[in-house]
Amino acid sequence: MSATLSSARTVLVTGADTRLGFATAQRVIADGDTVIAHILDKNHADETMRRLQATAEPGQVRMVQADFTRLAEVDELGRTLAAEFTRLDALINVASIAAPDARTHTEDGHELTLQVNYLAPHRLTMALIPALEAARGRVVAVTSKLHAAGNIDYSDLDRNRGIYTPFAIYAQSKLALTMFSRSLAETGPDGLTSVSVHPADFEIDLPRLRSHRTAPLDRAAALLVQLATPSTPVMNGGYYEGAESTKAAALVRNSRARTRLAAWSN
């Protein structure tokens, strides 16, 4: 362990019941920090907790659950964590899904992929801003280089009409998340750092495009935790492909477009 629990940082990892989320939570544990492991599916809770505790010290893992397809659960999680934690050192937004083959909407009325990959992490992050501000914390959003192929149709963000393609839906969700990450850096409180990152050389959430389906995620997880660590210099609001800061899509750099997205999101 690289730190004692008394001096450990507290890091929230969303989607700890996914491959990358679990590997990231494990890395937080290995670094000696305390992890709040969020799971999307309550049916995965016992198994995920058992596997994380196998390498953790007592009290080093806290598990929470919220289904990102239900915004009421996301809001409740945000309220619960905000009340319990006055300081949060880092939030690593890993939770994500691939777009379904057919147009799908949540009970909240939003396109499924946009809600899980963007709206839910947006709402959870905003609820935790005071705790992150108190710790001068970091927010790391797992995006995709495919965000550059996305488009934001403000008249139909939920894709209720027109042609539906999983690739376009996924790219839109990751574009929105990357735009939010940049806005958070520019409009968030002083001391808060926000970056987005495509952490690996394969698409984690798009099996159709994945060339290394069983590739180990240790390197990607280590990168996410590294970017969430205050000793790692980063460009606030930056977009990273791996460890390299890279130019994001034009809409990410467009403040008017980001302001419009923020208005829709709130």
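Source: prediction; values computed, not measured.

Draft legend 1. Quick peek at the sheet that holds strand S1 (residues 10-13). A sheet is described by the order of its strands in space; here 8 strands give the open sequence S3-S2-S1-S4-S5-S6-S7-S8, paired in mixed fashion. Of all the strands in the sheet, just strand S3 (61-65) and strand S8 (244-246) have a single pairing partner and so form its edges. Strand-to-strand twist across the sheet, computed as the mean angle between neighbouring axes with direction ignored, equals 25°. Contacts between helix H1 (residues 19-30) and the sheet are confined to S1, strand S2 (34-39), S3, strand S4 (90-93) and strand S5 (138-142), with S1 contributing the most and set at about 170° to the helix. Across the face of the sheet, helix H3 (residues 71-84) comes into contact with S1, S2 and S3 while running at roughly 150° to S3.

Draft legend 2. Looking closely at the pattern of salt bridges. Tallied over the entire structure, the rule returns 11 salt bridges. The residue Asp-156 makes a salt bridge to Arg-161 at a minimum N-O spacing of 3.8 Å. Under the relative-accessibility criterion, Asp-156 is labelled buried at 5%. Overlapping salt bridges, with partners in common, bring together Asp-67, Arg-70 and Glu-107 in one network.

Draft legend 3. Seen up close, the nonpolar core. One finds Leu-12, Phe-68, Leu-81, Leu-88 and Met-179 to be the most contacted residues of the largest nonpolar core, which totals 41 residues. Sorting the residues of this core by element identifies H3, helix H4 (112-127), helix H5 (129-134), helix H6 (166-187) and helix H8 (255-265) as the ones contributing at least two each. It is H4 that provides the largest number of residues to this core, a total of 7 residues. One finds Ala-25, Ala-37, Ala-45 and Tyr-240 within the second-largest nonpolar core, a separate group that totals 35 residues.

Draft legend 4. Up close: the pairing of S2. Where burial is concerned, most of S2 is hidden: 6 out of the 6 residues are buried. Side chains of S2 alternate between two faces, with Thr-34, Ile-36 and His-38 and Val-35, Ala-37 and Ile-39 buried alike. Where S1 meets S2, 4 bridges bridge the pair, whose relative direction is parallel. Note on S2: the bridge partner recorded for Val-13 is Ala-37. Viewed along the sheet, the connection from S1 through H1 into S2 turns out right-handed.

Draft legend 5. Fine view of helix H2 (residues 45-53). Taken together, the buried positions of H2 are occupied by Ala-45, Thr-48, Met-49 and Leu-52. What you see down the axis of H2 is that its buried residues fit within an arc of 95°, all on one side.

Draft legend 6. Just the pairing of strand S6 (residues 193-198), in detail. Here S6 lies mainly inside the structure; 6 of its 6 residues are buried. Here S6 shows a buried face lined by Thr-193, Val-195 and Val-197 and a second buried face lined by Ser-194, Ser-196 and His-198. Two strands pair when backbone bridges link them, and S5 and S6 are joined in this way by 5 bridges, in the parallel orientation. Residue pairing across strands places Ala-141 opposite Ser-196, the latter belonging to S6.

Draft legend 7. The arrangement of the packing of H4 against H8 in detail. Relative orientation of the contacting elements H4 and H8 amounts to 85°, with a least axis distance of 11 Å. Put simply, H4 runs roughly perpendicular to H8. For the pair formed by H4 and H8, the contact residues are Leu-114, Tyr-118, Leu-119 and His-122 on the first element and Leu-261, Trp-264 and Ser-265 on the second. Taken together, the residues of the contact of H4 with H8 sort by class into 5 nonpolar, 2 polar and no charged.

Draft legend 8. Region of the structure containing the environment of Asn-266. Mapped onto the elements, Asn-266 comes out in the segment after H8. Residue classification places Asn-266 among the exposed positions, given a relative accessible area of 72%. Considering only alpha carbons, one finds Asn-266 and Ala-98, 168 residues apart in sequence, at a separation of 24 Å. From its side chain, Asn-266 meets the backbone oxygen of Ala-262 in a polar contact 3.0 Å long.

How each quantity is defined
- Residues numbered from 1 in each chain as written.
- Predicted model: local features only at pLDDT ≥ 70, side-chain atom pairs only at ≥ 80, totals over all residues.
- Heavy atoms only, no water.
- Pairing = 2+ DSSP bridges.
- Helix = DSSP H or I, 4+ residues; strand = E, 2+ residues; numbered from the N terminus.
- Axes fitted to C-alpha atoms, helices over the stretch in contact; angles between N-to-C directions.
- Contact = heavy atoms within 4.5 Å.
- Salt bridge = Lys/Arg side-chain N within 4 Å of Asp/Glu carboxyl O.
- Buried < 20%, exposed > 50% of the residue type's maximum accessible area, 1.4 Å probe, protein only.
- Core = buried A, V, L, I, M, F, W, Y, C linked by side-chain atoms within 4.5 Å.
- Right-handed = clockwise from strand over helix to strand, strands pointing away.
- Arc of directions from axis to C-beta.
- Parallel < 35°, antiparallel > 145°, perpendicular 65-115°, else oblique.
- Nonpolar A, V, L, I, M, F, W, Y, C, P; charged D, E, K, R; others polar.
- Polar contact = N/O pair within 3.5 Å; in protein donor to acceptor, adjacent residues only side chain to side chain.

Read these as spatial facts, not as claims about activity.
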